[in-house]
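In case you want the letters, here they are:
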Amino acid sequence: MEEKLNQILTESLKEIANANDKTSLTEIKVKVLGKQGELTSILRGMRDVAPEDRPKFGALVNEAREKIESAILEKEEVFNKIELEKELAKSAVDITEPGINHEKGALHPTTRMFNKLIDICVAMGFKVVEGPEIETDYYNFEGLNIPKNHPSRDMQDTFFITENILLRSQTSSVQVRAMEKLAPPIKIISPGRVYRNDSDGTHSPVFHQLEGLVIDENVSMADLKAMLTSMMKKVFGEETTIRFRPSFFPFTEPSVEVDVSCPTCHGKGCKVCKGTGFLELLGAGVVNPKVLEMSGIDSKKYRGFAFGFGVDRFAMVYDGITDLRNMFKNDVRFLKQMK
Ligand code: DAH
């Protein structure tokens, strides 16, 4: 009996060592340890063993069983490891493969200028108000003292959609909307896109403006001048000088155009300012009382001033850009230089 047990043990261990997959391991398990297995039948043969030898023999059988079981477990581990390695190899990440390069973006010069101007104005107490880009004739023109068929309309080549609906040609339209809606004192800015039927080296059919409007009981041209001077110094630097020239806009009286000393050459004359040392950057003025009245504001009690910035032009002057078309081409090479 003992001899047979040893034989089963040696053979099983050999078979286990030679097994090359999990299925053969299971087969060995059944063959040796199963209900009809070799070791089980040896246990059944215990009755042929002399009673005094039974405990010793039982212990031997258990020992053999444990040896076989742990040999099977060990071998199973080996197969598990091989499987895992295969699985890992299949889904392995090649860390040496070059990745997809996601370039870091940057804000467009116009966006940066918008942010800068809005920050300065908000710090001065202005509220931001927006209006629609598809506008009615009334808000874009009539409410700003530009009647139908009046020659002053020629100042802006407008895209009309119907006789009364158009793409706004100026953010001044938001002034009228704000005056109708808000009670004075009013202190708003309105940034946004505007459209004109114009396209060449210095004009684009779409561009950006920032409108400002202040209405209160005691405001004057002097306040406008002080505020614009302070704003321009904040944008272009303390050394900037500002020039006010008389001009005409139907919605302001008096009206001015404002020039700023060229930040590139500091007034000496260069390519950016076309040798003049100054750049025309904005229109402004004291709100025409007629405009106040049309929007239901008492012009005896209230006065106002307004200004309109050409934001793309501000950005060009600030960054020393000379061709307006670059601002709208979305050429990455250009935008990269502007980071
Ligand atoms: N809307 C004018 C333009 O597009 C600019 C302007 C001038 C705006 C005077 C104003 C202003 O608010 O007071 O040319």
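Preceding block: the structure.
What counts and how
Residues numbered from 1 in each chain as written. Predicted model: local features only at pLDDT ≥ 70, side-chain atom pairs only at ≥ 80, totals over all residues. Heavy atoms only, no water. Helix = DSSP H or I, 4+ residues; strand = E, 2+ residues; numbered from the N terminus. Core = buried A, V, L, I, M, F, W, Y, C linked by side-chain atoms within 4.5 Å. Buried < 20%, exposed > 50% of the residue type's maximum accessible area, 1.4 Å probe, protein only. Contact = heavy atoms within 4.5 Å. Patch = residues over 30% accessible without salt bridge, like charges linked within 9 Å, V, L, I, M, F, W, Y side chains within 5 Å. Areas by Shrake-Rupley, 256 points an atom, 1.4 Å probe, with all protein chains shown as cover. Salt bridge = Lys/Arg side-chain N within 4 Å of Asp/Glu carboxyl O. Expected span 1.5 Å × (residues − 1). 1 Å grid on protein atoms, 1.4 Å probe; cavity = no way out; pocket = protein on both sides within 12 Å on 5 of 7 lines; lining within 4 Å. Points joined across faces, edges and corners; volume = space filled by probe spheres on them. Nonpolar A, V, L, I, M, F, W, Y, C, P; charged D, E, K, R; others polar. Near = heavy atom within 4 Å. Polar contact = N/O pair within 3.5 Å; in protein donor to acceptor, adjacent residues only side chain to side chain. Sits in = over half its atoms within 2 Å of the grid points. Pairing = 2+ DSSP bridges. Axes fitted to C-alpha atoms, helices over the stretch in contact; angles between N-to-C directions. Parallel < 35°, antiparallel > 145°, perpendicular 65-115°, else oblique.

1. Notes on unusual backbone geometry
Cis geometry marks the peptide bond from proline 184 to proline 185, where omega comes out at 5°. Tracing the sequence through the fold places proline 185 in the loop between helix H7 (173-181) and strand S4 (186-195). Cis geometry is adopted by the peptide bond preceding proline 254, which originates at glutamate 253 and carries an omega value of -5°. Checked against the element boundaries, proline 254 lands in strand S7 (residues 252-261). In this model, histidine 266 sits at a positive phi of 55°, which is unusual for a non-glycine residue.

2. Thoughts on the nonpolar core
Counting residues in each nonpolar core, the largest one holds 41 residues, and the members touching the most others are Leu210, Leu228, Met231, Leu282, Phe307, Phe309 and Phe314. Taken together, the elements giving at least two residues each to this core come down to helix H5 (109-123), strand S5 (206-216), helix H8 (221-236), S7, strand S8 (278-287), strand S9 (303-310) and helix H10 (311-319). A total of 7 residues in this core trace back to one element, the largest contributor, which is H8. Non-local contacts of methionine 231, meaning those with residues more than four positions away in its chain, are made with Ile120, Cys121, Met124, Phe126, Phe307 and Phe309.

3. Observations concerning a nonpolar patch on the surface
Residues Ile134, Ile161 and Ile165 make up a contiguous nonpolar surface patch of roughly 270 Å² in combined accessible area. The residue isoleucine 161 is located in the loop between helix H6 (137-140) and strand S3 (165-167) in this model.

4. Here's the deal with H8
Taking 1.5 Å per residue, 16 residues should reach 22 Å; H8 reaches 22 Å between its end C-alpha atoms and fits that length. Backbone geometry just after H8 places glycine 237 at a positive phi near 115°.

5. Points about the side chain of asparagine 140
Structurally, asparagine 140 is set in helix H6. Contacts of asparagine 140, omitting those with residues within four sequence positions, involve Glu135, Ile146, Gln156, Leu166, Arg168, Ser169, Gln170 and Ser173.

6. Focus on empty space enclosed by the protein
Summed over the entire model, instances satisfying the criterion amount to 1 cavity of 30 Å³ or more. Taken as a whole, the largest cavity spans an internal volume of roughly 40 Å³. In this structure, the largest cavity is lined by Phe141, Ile146, Ser152, Arg153, Met155, Gln156, Phe249, Pro250 and Phe251. When the residues that make up the lining of the largest cavity are grouped by side-chain class, the tally is 6 nonpolar, 2 polar and 1 charged.

7. Observations concerning the site of the ligand
Near the ligand, the surroundings consist of 16 residues, among which Gln170, Ser172, Arg196, Gln209 and Glu211 are the closest. In this structure, glutamine 170 approaches the ligand through a side-chain N or O atom, which is 2.7 Å from a nitrogen atom. Its free accessible area being 360 Å², the ligand has 92% of it covered by the protein chains. Here the ligand is seated within the largest pocket. Counting only elements with at least two residues in the shell around the ligand, the list comes to S5, S8 and S9. Classifying every residue of the shell around the ligand gives 5 nonpolar, 9 polar and 2 charged.

8. Points about the environment of aspartate 53
Locating aspartate 53 in the fold gives a position in the loop between helix H3 (38-44) and helix H4 (54-90). A C-alpha to C-alpha distance of 102 Å links aspartate 53 and alanine 123, two positions 70 residues apart in sequence.

9. Here we look at the pattern of salt bridges
Inspection of the entire model under this criterion finds 16 salt bridges. With a closest N to O distance of 3.7 Å, glutamate 69 and arginine 65 form a salt bridge. A residue pair is termed a helical-turn pair when its members lie 3 or 4 positions apart in one helix, as glutamate 69 and arginine 65 do in helix H4 at 4 residues. The salt bridge involving aspartate 331 is made with arginine 333; its shortest N-O contact spans 2.7 Å. The class of aspartate 331 is partly exposed, set by a relative accessible area of 23%. Arginine 333 gets classed as exposed once you look at its relative accessible area, which sits at 63%.

10. Description of the layout of surface pockets
By volume, the largest pocket amounts to about 1,200 Å³. Surrounding the largest pocket, 50 residues form its lining, Arg196, Phe207, Glu280, Gly310 and Arg313 being those nearest its centre. Mapped by element, the contributors of at least two residues to the lining of the largest pocket are S5, strand S6 (242-249), S7, S8, S9 and H10. The element contributing the most residues to the lining of the largest pocket is S8, with 8 residues. Along the lines of polarity and charge, the residues of the lining of the largest pocket split into 20 nonpolar, 18 polar and 12 charged.

11. A closer look at the pairing of S6
Sheet topology note: the S6/S7 ladder contains 7 bridges and is antiparallel. By the bridge assignment, serine 247 is partnered in S7 with serine 255.

12. Quick word on the packing of helix H1 (residues 2-18) against H4
Remark: H1 packs on H4, axes separated minimally by 10 Å, with the N-to-C direction vectors making an angle of 5°. Regarding the angle of H1 to H4, the classification is roughly parallel. Within the contact between the two elements, H1 uses Glu2, Leu5, Leu9, Ser12, Leu13, Ile16 and Ala17 and H4 uses Lys56, Phe57, Leu60, Val61, Ala64, Lys67, Ile68, Ala71, Ile72 and Lys75. Its residues placed into classes, the contact of H1 with H4 shows 12 nonpolar, 1 polar and 4 charged.

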